[in-house]
Amino acid sequence: MRQRITFLHRNEHGIEPSLLQIVDRSISGPDLIAVREHRVTLALEELPNELQELLQDVNELHIRWSTPRPHDTIGPWNSRLPPGLHAFYTPQTPSAADSPELCEKLRSVFGDVLDCSSPSESFTKLPTDRFSHSTAFQYFHPLDVLPNLPAISEKHAWAEGLASAVSLDLSYDAISHVVKVTVLWPEGPQRLLIESPPEHRTEVGILTPDTPAYVEQHELGVTGLLTVLGEDTKPSPVMFAFPSRHKNAESTFSSEFLQPWGLHPSMRLTIGSSKPPSPDASCSLHAYLTLPRTIFADKYQLDDDLFLASKNLTALRYISQPVDLEAPDYAMKLWGSSVLLELQPPSKQADSPWTAEIPLHLRYLPPSEGGYRVINVPWPAVFWACNAEEGTKFPNSPFDRVNLGYDGLFGPRTLFWHVNPRAGETGTLVNQIRVPVLDSNKTAWISTGTTAVVLLGFAYIVWKLVSVYSRTGYGRREPATQSEKKKQ
């Protein structure tokens, strides 16, 4: 097992190298204010047998969890996702997608709240024919906390403090045969006390952003100290640069639903600036939504250019398929749908707020006591997608975050400048909608009334049949004689 622990702090929060103590396979020092990333790389044979058997039928599996708590970050960790649990999956064979084993493992780790039966039934398909770096299936579930992961932290010291983490990534691919687990903690006081078992290789970096003269626009430069526990007796100074596809646009946005909600609510995005982050590049502003199956977007409604212009929208760039426009929530097995919309900023570029509205539609929900159900709709990820210069290459980066869902819908030379979410009074990046449904406390008279109406209808039909029989009798009526016809 290999571990890489990175502390990235601002220049004003640096610490003196002389205060670091390296003893055998441990490092300690004063607490520092920084962003902390902990990455663990496990070989396939280091996993439990049941996980090894599961991954034998997996070509790619990427699990991403993002907290609904607003947080700030610095350095290479600017990428954003709608809060919740995301899974991106490619099976080794088409038949492997019919197995319920993957969904069973997801529920055992993240809780039984996940409504997942099998990838072929619960996952949506991604357009792998568009870009080869996209996985085949996608799954999402709104998940505020990591319910079962404290059990893992009891067995692995590297998993301590997961309750305060803001993101968790797990990746596996059949080519490398390794599992990478990455946990990120937000900027704040971090404890500097790390010990490494003898059989593990552990690297500890204490870095700060820097901008050397040779750093290009798509790169990020850092400088600081690097220590390999068990090999180094003192920290080694380092300075290097690496490509970073995800950057901070230095602007903010907020999300809310316009009231009254009704059955066709509109999500309003308030964006703090209409200026693109890179004036010299071709940039377009996008919103990426992961909508639970309780709510959906109508692709036919979003195909009207005049309607889109009235909402400050440019075009619907992608929507997962299929999206049933009529089915109720309780009749569906798919998790929901993902939507990529291009927004239309004002023609006059300025650092002033503007809004865009996204029309959505609610599905019929199961009955509930009191006649209402509350659904959670995560905030979207809002970002500028800018084309990098011709000839720009993005080799493997030590901090690059890939397989986020929306990055597979763009070319490999796209830079993502993320607009940071700013929560209001709710303090969360999730919108709630109170949906009217059938009140289960008042359904007793409905079933009784329905039974009474059916019985009355049946009795009426029987009465009519009996009355006809009493007048005409049973069987075929004899034709009238010639004399009877004359009398008539």
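Here, the structure is the one placed above.
The rules behind each value
- Residues numbered from 1 in each chain as written.
- Predicted model: local features only at pLDDT ≥ 70, side-chain atom pairs only at ≥ 80, totals over all residues.
- Heavy atoms only, no water.
- Helix = DSSP H or I, 4+ residues; strand = E, 2+ residues; numbered from the N terminus.
- Rg over C-alpha atoms; globule rule 2.2 N^0.38 Å.
- Buried < 20%, exposed > 50% of the residue type's maximum accessible area, 1.4 Å probe, protein only.
- Contact = heavy atoms within 4.5 Å.
- Areas by Shrake-Rupley, 256 points an atom, 1.4 Å probe, with all protein chains shown as cover.
- Lys, Arg positive; Asp, Glu negative; His and termini not counted.
- Charge placed at Lys NZ, Arg CZ, Asp CG, Glu CD.
- Core = buried A, V, L, I, M, F, W, Y, C linked by side-chain atoms within 4.5 Å.
- Pairing = 2+ DSSP bridges.
- Axes fitted to C-alpha atoms, helices over the stretch in contact; angles between N-to-C directions.
- Disulfide = S-S within 2.5 Å.
- Patch = residues over 30% accessible without salt bridge, like charges linked within 9 Å, V, L, I, M, F, W, Y side chains within 5 Å.
- Salt bridge = Lys/Arg side-chain N within 4 Å of Asp/Glu carboxyl O.
- 1 Å grid on protein atoms, 1.4 Å probe; cavity = no way out; pocket = protein on both sides within 12 Å on 5 of 7 lines; lining within 4 Å.
- Points joined across faces, edges and corners; volume = space filled by probe spheres on them.
- Nonpolar A, V, L, I, M, F, W, Y, C, P; charged D, E, K, R; others polar.
- Polar contact = N/O pair within 3.5 Å; in protein donor to acceptor, adjacent residues only side chain to side chain.

Q: Would you take a moment to explain the overall build of the protein for this structure?
A: Counting its secondary structure elements, the protein contains seven helices and 26 strands. Relative to its length of 488 residues, the protein is extended, with a C-alpha radius of gyration of 30 Å against a globular reference of 23 Å. C-alpha extents for the protein along the principal axes are approximately 130 × 60 × 40 Å. Taking all 488 residues of the protein together, the buried fraction comes to 49%. A sequence separation of at least 24 residues applies to 76% of the contacts in the protein between residues at least 6 apart. Of the roughly 25,300 Å² of accessible surface on the protein, a fraction of 52% belongs to carbon and sulfur atoms. Computing the positive centroid from 43 side-chain charges and the negative centroid from 55, the protein places the two 11 Å apart.

Q: What is the right way to look at the nonpolar core in this model?
A: Side chains of a nonpolar character, in soluble globular proteins, are inclined to be buried together. Core analysis: the largest hydrophobic core is formed by 41 residues, its most contacted members being L269 and L343. Looking at which element gives the most residues to this core, the answer is strand β17 (residues 283–292), with four residues. In this view, L343 contacts L269, I271, L285, H286, A287, N312, L313, T314, W354 and A356; residues no more than four positions away in its chain are not counted. Counting 38 residues, the second largest nonpolar core, distinct from the first, contains L61, I63, Y139 and Y172.

Q: Help me understand the sheet that holds strand β7 (residues 124–125) in this model?
A: Backbone hydrogen bonds hold the strands of a sheet together, and the pairing may be parallel or antiparallel. The strand order across the open sheet formed by eleven strands is β7-β8-β6-β5-β9-β10-β4-β1-β12-β13-β14, and the pairing between neighbours is mixed. Sheet topology places β7 and β14 (236–243) at the edges, where each strand pairs with a single neighbour. As judged from the seven bridges shared by strand β1 (residues 2–8) and strand β4 (residues 32–43), these two strands associate in the antiparallel manner. Counterpart to Q3 in the pairing with β4 is V40. Along the sheet face, helix α2 (residues 101–110) touches β5 (58–66), β6 (84–91) and β9 (167–173) and points at about 30 degrees away from the line of β5.

Q: Could you clarify how one ought to interpret the pairing of β6 in this entry?
A: Moving residue by residue along a regular strand, the side chains alternate between the two faces of the sheet. Most of β6 is tucked away, with eight of its eight residues classed as buried. Relative to β6, β5 is paired through eight bridges, and the arrangement is antiparallel. When the sheet's bridge partners are listed, W65 is paired in β6 with L85. The pairing of β6 with strand β8 (residues 137–141) spans five bridges and is classified as antiparallel. What sits directly across from F88, in β8, is Q138.

Q: How do you make sense of the state of the cysteines when you look at a structure like this?
A: Joining two cysteines, a disulfide is a covalent bond between their sulfur atoms. Per the counting criterion, the structure on display carries two disulfides. Here C103 connects covalently by a disulfide to C116, the sulfurs 1.9 Å from one another. When the S-S torsion is -40 degrees, as for the bridge of C103 with C116, the disulfide is left-handed. In this pair, C103 is assigned in helix α2 and C116 in the loop between α2 and α3 (119–122), connecting sequence segments 13 residues apart. For the pair C103 and C116, a shared accessibility class is recorded, and that class is buried. Between the sulfur of C283 and that of C386 lies a disulfide, 2.0 Å long from S to S.

Q: Sorry if this is basic, but what is going on with the environment of G205 here?
A: Within the secondary structure layout, G205 lies in strand β12 (residues 201–210). Look at G205 and you get buried, because its relative accessible area is 5%. In this structure, the C-alpha to C-alpha distance between G205 and G336, residues 131 residues apart in sequence, is 40 Å. Residues in contact with G205, not counting those within four places in the same chain, are I5, T6, F7, L225 and L226.

Q: Before we go on, may I ask you to explain a nonpolar patch on the surface in this structure?
A: Together, Y460, I461, W463 and L465 make up a nonpolar patch on the protein surface, roughly 490 Å² of accessible area in all. Topologically, L465 is positioned in helix α6 (residues 444–472).

Q: How should empty space enclosed by the protein be read in this particular structure?
A: Over the atoms, a rolled probe matching the size of one water molecule traces out where space is still vacant. Applying the stated criterion to the full structure yields two cavities of 30 Å³ or more. In this model, the largest cavity occupies a volume close to 50 Å³. Of all the secondary-structure elements, those providing two or more residues to the lining of the largest cavity are β17, β18 (295–296) and β20 (336–343). Looking at the lining of the largest cavity, its residues break down into eight nonpolar, two polar and two charged. For the second largest cavity, the calculated volume is near 40 Å³. P76, F242, P243, S244, R245, H246, S397, F399, D400 and R401 are the residues that line the second largest cavity. A per-class count over the lining of the second largest cavity returns four nonpolar, three polar and three charged.

Q: Would you mind showing me how to read the environment of I295 here?
A: When you line up the elements, I295 lands in strand β18. Judged by relative accessible area, which is 1%, I295 ranks as buried. Sequence spacing of I295 and H264 is 31 residues, and the spatial spacing of their C-alpha atoms is 9.1 Å. For I295, the residues in contact, after removing those within four places along its chain, are F257, P265, L360, H361, L362, V377 and I433.

Q: Can you walk me through the side chain of T73 in this structure?
A: Tracing the backbone shows T73 in the loop between β5 and β6. Polar contacts involving the side chain of T73 include one to the main-chain carbonyl oxygen of W77, which spans 3.4 Å. Beyond its immediate chain neighbours, meaning those up to four positions away, T73 contacts V35, N78 and R80.

Q: For this particular structure, what's the right way to read the pattern of salt bridges?
A: Side chains that carry opposite charge are capable of pairing whenever their charged atoms lie near each other. For the structure on display, the rule yields 13 salt bridges. The partner of E121 in a salt bridge is K333, and the shortest N-O contact between them spans 3.8 Å. Residue E121 is found in helix α3, and its partner K333 is found in the loop between β19 (313–319) and β20; the two are separated by 212 residues along the sequence. E121 gets classed as partly exposed once you look at its relative accessible area, which sits at 34%. Across the salt bridge formed by R201 and E231, the nearest N and O atoms sit 3.1 Å from each other. Separated by 30 residues along the polypeptide, R201 in strand β12 and E231 in the loop between β13 (219–228) and β14 bring together distant segments of the chain.

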